[in-house]
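Here is what each chain is made of, one letter per residue.
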Amino acid sequence: LKSIHHIADDLEGAAKRALDAGVDADLPDGISYATLTKAVQEGRVSEAQVDLATRRMLELKFRAGLFERPYADAAQAAAITNNAD
């Protein structure tokens, strides 16, 4: 939102806009969401917003079975990625 779309002036602004839009994960590297601790402490982002995004991400991981099987099968992933099907 900052460097590609140019709709946020800084990483904190990008993180706030993303959370406001319901984006729960900061991919690929999380640099914008790394600013959320300070933003919450300073009252620019609500703790409830961060809690909601966290809740939804944990639910997604739970439904995917990542708490029981946290590691993917790399060979299977390679076999089904970028194939003709």
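Worth saying up front: this structure is predicted, and the values here are computed from it rather than measured. (Residues numbered from 1 in each chain as written. Predicted model: local features only at pLDDT ≥ 70, side-chain atom pairs only at ≥ 80, totals over all residues. Heavy atoms only, no water.)

**Things to note about the overall build of the chain**
Here is step 1 of the chain: Counting secondary structure elements, the chain contains four helices and zero strands.
Here is step 2 of the chain: Sequence-ordered secondary structure for the chain, helices as α and strands as β, is α-α-α-α.
Here is step 3 of the chain: At 16 Å, the chain has a C-alpha radius of gyration far larger than the 12 Å of a compact globule built from 85 residues.
Here is step 4 of the chain: On the principal axes, the C-alpha backbone points of the chain span a range of 45 × 30 × 15 Å. (Helix = DSSP H or I, 4+ residues; strand = E, 2+ residues; numbered from the N terminus. Rg over C-alpha atoms; globule rule 2.2 N^0.38 Å.)

**Comments concerning the nonpolar core**
Here is step 1 of the chain: Counting eight residues, the largest nonpolar core consists of Ala15, Ala18, Leu19, Tyr33, Leu36, Ala39, Val45 and Ala53.
Here is step 2 of the chain: Contributing elements (two or more residues each) for this core: α1 (11–20) and α2 (36–41).
Here is step 3 of the chain: In terms of residue count, the dominant contributor to this core is α1 (three residues).
Here is step 4 of the chain: Dropping the residues within four chain positions of it, alanine 39 is found in contact with Arg44 and Val45. (Core = buried A, V, L, I, M, F, W, Y, C linked by side-chain atoms within 4.5 Å. Buried < 20%, exposed > 50% of the residue type's maximum accessible area, 1.4 Å probe, protein only. Contact = heavy atoms within 4.5 Å.)

**With respect to unusual backbone geometry**
Here is step 1 of the chain: Along the chain, leucine 27 connects to proline 28 via a cis peptide bond; the corresponding omega equals 5°.
Here is step 2 of the chain: One non-glycine residue, histidine 6, lies in positive phi territory at about 55°.
Here is step 3 of the chain: Relative to the assigned elements, histidine 6 resides in the segment before α1.
Here is step 4 of the chain: Note on histidine 6: relative accessible area 60%, which makes it exposed.

**So, α1**
Here is step 1 of the chain: For α1, the complete set of buried residues consists of Ala14, Ala15, Ala18 and Leu19. Along α1, the residues classed as buried sweep out an arc of 130° about the axis, all on the same side.
Here is step 2 of the chain: Where the residues of α1 are buried, they touch α2 and α3 (47–63). (Arc of directions from axis to C-beta.)

**A few points about the pattern of salt bridges**
Side-chain pairs of opposite charge can arise where the charged atoms are in close proximity.
Here is step 1 of the chain: Applying the stated criterion across every chain, the model contains five salt bridges.
Here is step 2 of the chain: Among the salt bridges present, the one from aspartate 20 reaches lysine 16, with a minimum N-O distance of 3.1 Å. Taken together, the residues aspartate 20 and lysine 16, both in helix α1 and four residues apart, mark about one turn of the helix.
Here is step 3 of the chain: Under the relative-accessibility criterion, aspartate 20 is labelled partly exposed at 46%.
Here is step 4 of the chain: What makes lysine 16 partly exposed here is its relative accessible area of 32%.
Here is step 5 of the chain: One salt bridge in this structure joins glutamate 59 and arginine 63, with 3.2 Å as the shortest N-O distance. Residue glutamate 59 and its partner arginine 63 are located together in helix α3, separated by four residues, close to a single helical turn. (Salt bridge = Lys/Arg side-chain N within 4 Å of Asp/Glu carboxyl O.)

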